[in-house]
Amino acid sequence: SMAARVGEKTVKSPGTLVISAYAACPDITMTVTPDLKCPDNKGCLLMVDLGGGCRRLGGSALAQCYKQLGDQSPDLDQPDVFRKAFNVTQKLIGERRVSAGHDISDGGLITAVLEMAFAGNCGVNINLEFDQENHKAIEVLFSEELGLILEVPYSESTNVLGEYSAQDVPCYLIGHSVKSSTPSDSLVNVSIKGNEVLKEKMTVLRDVWEETSFQLERYQTNPKCVTQEQAGLKERLEPQYHVPFESEIISFTPKGRNTRRPHPKVAVLREEGSNSDREMAAVLHMAGFEVWDINMEDLCTERINLDQFRGLVFVGGFSYADVCGSAKGWAATALFNHKVQEQLLKYKERDDTFSLGVCNGCQLMALLGWVAPDEDLKENSNSGVGQGLFLDHNLSERFECRFTTVKILDSPAIMFKGMEDTVFGMWSAHGEGRMVFRSEEIYQDVCRDNLVAVKYVDDQGKPTETYPFNPNGSRDGIAALCSDDGRHLAIMPHPERCFLPWQCAWMPQEMRKNYDVSPWYKMFQNAFDWCLGQS
Ligand SMILES: NC(=O)CC[C@H](N)C(=O)O
């Protein structure tokens, strides 16, 4: 499996030693990411220097660029300093006093600082005064000695420097992170002992840094998408998240679970190759449902009857490894087994039920005609199924896993009640997510009846077909559709993978501080409330 054929050639991956280390993490919300946050618009950048004054270039990325190996490579010469630095850093992280952090040992000091600025979409002012040994600029900037770059709020910097020096760990203030109104105004200024060595726009440097990746991507991805992403990167701002019901998710306690009435039952339906069923069960349970883990075999053998359920969820994944197309095998089990087909149809037609299909489940619902059905086809087919929607391959021609920004539209979907106009991030993870309608008429009907419940949006919150905001190229940015009566919802991105704040790849600092659950939790609470209202 470590060999690939390229034309006539077989390219073998060289033998590589991989060492994986695992450690328990007492609190996963206490993580530090490299993107500079610019607390109060200007953060302090500190360098924790574990190189013991050495600036060796052997084995560095820089040496490799010059096709050299170098003579001396960095080493851990002072394990004791390393241990103390680790403990101080852990303590600071535990006290939430570090806003960003990165390691020097993969590309050197300048690479670490720049990567932090690129990810934070901001500028930096750096002046390196600390070096006593008169190392050359290139050594100071590119040596991959052990060490950390930390960003801390202005108010913390003196204390943090004090914490390291109390343990005799060298730590220096090397500069500041600077937020400006647009990324293209952000500047990178680097001086060594007062002499300027680099002054350039952050976006220009980021383009240089990204170029190699984009070159590689052109071999792996539709080049049109790569060009779009590359052009768009210069202009990228922060996504404009908007949560109209914010007060409901700050200081949140699950209200559903306090009900005295019997908890409505929901079936989380799996098939060979499904995933995300646990996340789904977790959020449904949290919203107050009695959750049942069932699989297609349970339906085929009639061990489980759907009559007892108010909710049915088709989860995501790779049912039958997506052979012949996503969810095709799953749909075949549902359509060609009459018992299963009958059960599903009966369930769908009952007016006290709801269903949700996520990703692979969304693809299944399309194949079964539960959303955007083709009514003519339905009437003329023996199975009574009229598939009007098809989930085609992403325009990028590859699997896309991204934290996409989506907007909730005004639709009859019961799960989105009171959530209209929400703009927030949701995980997308699919290879076949582009919604294609069997006819223009079906598409127009869906639009006329407001059945498009969710769209992918850009940084301005506008529905978009532009990659990678829209990860698959779906027309007008469509990400989810519901049935006429709003009971059945098919959605490509995964709300169940981001119903808690820590599951979200990004969100504004204020939201991260304040939210007990993510806005997507409300979808499940809505479903629960709807069931109680109906019982
Ligand atoms: N996450 C998913 O459910 C993926 C669905 C499907 N296997 C696809 O790649 O399109």
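These figures come from a predicted structure and were not determined experimentally.

### Describing the side chain of Ser518
Part 1 of the argument: Relative to the elements of secondary structure, Ser518 occurs in the loop between α16 (509-514) and α17 (521-534).
Part 2 of the argument: When residues no more than four places from it in sequence are discounted, the contact partners of Ser518 are Ile249, Phe424, Cys498, Phe499, Leu500, Pro501 and Cys504.

### As for the packing of helix α11 (residues 328-336) against helix α13 (residues 360-368)
Part 1 of the argument: Closest axis-to-axis distance for the α11/α13 pair is 9 Å, and the angle between their directions is 50°. Accordingly, the angle class assigned to the pair α11 and α13 is oblique. The way α11 lies across α13 gives a crossing that is right-handed. For the pair formed by α11 and α13, the contact residues are Lys328, Trp330, Ala331, Ala334 and Leu335 on the first element and Asn360, Gly361, Leu364, Leu367 and Leu368 on the second.
Part 2 of the argument: Here the contact of α11 with α13 is composed, by residue class, of 7 nonpolar, 2 polar and 1 charged.

### Structural notes on the pattern of salt bridges
Part 1 of the argument: Enumeration according to the criterion identifies 35 salt bridges in this entry.
Part 2 of the argument: The partner of Glu229 in a salt bridge is Arg402, with the nearest N and O atoms 3.5 Å apart. Of this pair, Glu229 sits in helix α7 (residues 223-233) while Arg402 sits in strand β15 (residues 400-408), and the two are 173 residues apart along the sequence.
Part 3 of the argument: When salt bridges that share partners are traced, they join Lys91, Glu95, Arg97, Glu156 and Glu163 into one network.

### Focus: the site of the ligand
Part 1 of the argument: The local shell around the ligand holds 15 residues, among which Gly317, Asp322, Cys359, Ala429 and Gly431 are the closest.
Part 2 of the argument: Separating a nitrogen atom of the ligand from a side-chain N or O atom of Asp322 is a distance of 2.6 Å.
Part 3 of the argument: Contact between the ligand and Ala429: a nitrogen atom at 2.8 Å from a main-chain N or O atom of the residue.
Part 4 of the argument: Look at the ligand: alone it shows 290 Å² of surface, and the protein chains cover 98% of it.
Part 5 of the argument: Counting only elements with at least two residues in the shell around the ligand, the list comes to α13 and β16 (423-430).
Part 6 of the argument: Residues that form the shell around the ligand fall into these classes: 4 nonpolar, 8 polar and 3 charged.

### A few points about the packing of aromatic side chains
Part 1 of the argument: Counted according to the given criterion, the structure contains 14 aromatic pairs.
Part 2 of the argument: Here Trp292 and Phe309 contribute two aromatic rings whose centre-to-centre distance is 5.7 Å and whose plane-to-plane angle is 80°, an arrangement assigned as edge-to-face. Of this pair, Trp292 sits in strand β11 (residues 290-295) while Phe309 sits in the loop between α10 (296-300) and β12 (311-314), placing them 17 residues apart in sequence.
Part 3 of the argument: The interplanar angle of 80° and the centroid separation of 5.5 Å between the aromatic rings of Phe314 and Trp370 together place this pair among those described as edge-to-face. Here the residue Phe314 occupies a position in strand β12, and Trp370 occupies one in the loop between α13 and α14 (375-380), the gap between them amounting to 56 residues.
Part 4 of the argument: In this structure an aromatic cluster arises from ring pairing among Tyr241, Phe424, Trp506 and Trp520.
Part 5 of the argument: Geometry around Phe245 places Lys522 over its ring, the cationic atom sitting 5.3 Å from the centre.

### Details of the confidence of the model for the chain
Part 1 of the argument: Overall, the predicted model of the chain reaches an average pLDDT of 94, with 98% of residues at or above 70.
Part 2 of the argument: Interface scoring of the predicted complex returns ipTM 0.95; its pTM is 0.91.

What counts and how
Residues numbered from 1 in each chain as written. Predicted model: local features only at pLDDT ≥ 70, side-chain atom pairs only at ≥ 80, totals over all residues. Heavy atoms only, no water. Helix = DSSP H or I, 4+ residues; strand = E, 2+ residues; numbered from the N terminus. Contact = heavy atoms within 4.5 Å. Axes fitted to C-alpha atoms, helices over the stretch in contact; angles between N-to-C directions. Parallel < 35°, antiparallel > 145°, perpendicular 65-115°, else oblique. Left-handed = near helix turned anticlockwise from the far one by under 90°. Nonpolar A, V, L, I, M, F, W, Y, C, P; charged D, E, K, R; others polar. Salt bridge = Lys/Arg side-chain N within 4 Å of Asp/Glu carboxyl O. Near = heavy atom within 4 Å. Polar contact = N/O pair within 3.5 Å; in protein donor to acceptor, adjacent residues only side chain to side chain. Areas by Shrake-Rupley, 256 points an atom, 1.4 Å probe, with all protein chains shown as cover. Phe/Tyr/Trp six-rings, centres within 6.5 Å; stacked < 30°, edge-to-face > 60°. Lys NZ or Arg CZ within 6 Å of the ring centre and 35° of its normal. pLDDT = per-residue confidence, 0-100.

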